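# A closer look at the structure
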Amino acid sequence: MAWSESVDTVLANKEGLAAFRTFLKSEFSEENVEFWLACEDFKKTKSSTKIALKAQKIYSDFIQADAPKEINIDFHTKSDISQHISEPTRSCFDAAQSSIYSLMAKDSFPRFLRSDLYKELVQKHQDRNQKRWLPFL
């Protein structure tokens, strides 16, 4: 299964992303992938009004102290975002997103590949492919 190649392949695949989110939820760290996805959506925003609204939503959901889905980023990055949130740019969350991506790639993703959830998905795909090639079974 191609998902084992990198965290990018999982994030780019609908089924892979759903499985990874389920895994992160079981580890109480789903805010990481939710933040990463929110940043990806944010970077595609064109309207300056929507940029301001989405930036504030991301900030209040993930960055500010005691946010409901507060992510674990360093003080400098958090402080930099806080100082510039009143005039956000499409790149204002890049450092935090990069940090969270690194955390997922180096920490969560390897554990996901070793998880029962991933092993069950691989087995399901193997069974599905086997039935496709052996329709008489």
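Relevant structure appears above.
Before going into details, it helps to say that this report is about the structure given with it. As the structure is a prediction and not an experimental result, all values here were calculated from the model.

The next subject is the packing of helix α2 (residues 14–26) against helix α6 (residues 94–114). Contact geometry of α2 with α6 gives a least axis separation of 10 Å together with a crossing angle of 95 degrees. Viewed along their axes, α2 and α6 adopt a mutual orientation that is roughly perpendicular. When α2 is examined against α6, the residues A19, F20, F23 and L24 are found in contact with a partner set consisting of M104, S108, F109, R111 and F112. Looking at the contact of α2 with α6, its residues break down into seven nonpolar, one polar and one charged.

Within the structure shown, the criterion is met by zero disulfides. Here C39 stays unpaired: no disulfide links it, and the sulfur of C92, its closest cysteine neighbor, is 8.0 Å away. Assessed through its relative accessible area of 18%, C92 is described here as buried.

Position of D41 relative to the elements: it lies in helix α3 (residues 30–43). D41 sits 13 residues away from K54 along the chain, and the two C-alpha atoms are 9.1 Å apart.

Before going further, it helps to spend a moment on the packing of aromatic side chains. Evaluation of the coordinates by the stated rule reveals eight aromatic pairs. Between F20 and F109 the ring centres are 6.4 Å apart and the planes differ by 75 degrees, which places this aromatic pair in the edge-to-face class. Of this pair, F20 sits in helix α2 while F109 sits in helix α6; the two residues are 89 residues apart in sequence, bridging distant segments of the chain. Grouping residues by exposure puts F20 and F109 together as buried.

About the cut-offs
Residues numbered from 1 in each chain as written. Predicted model: local features only at pLDDT ≥ 70, side-chain atom pairs only at ≥ 80, totals over all residues. Heavy atoms only, no water. Axes fitted to C-alpha atoms, helices over the stretch in contact; angles between N-to-C directions. Helix = DSSP H or I, 4+ residues; strand = E, 2+ residues; numbered from the N terminus. Parallel < 35°, antiparallel > 145°, perpendicular 65-115°, else oblique. Contact = heavy atoms within 4.5 Å. Nonpolar A, V, L, I, M, F, W, Y, C, P; charged D, E, K, R; others polar. Disulfide = S-S within 2.5 Å. Buried < 20%, exposed > 50% of the residue type's maximum accessible area, 1.4 Å probe, protein only. Phe/Tyr/Trp six-rings, centres within 6.5 Å; stacked < 30°, edge-to-face > 60°.

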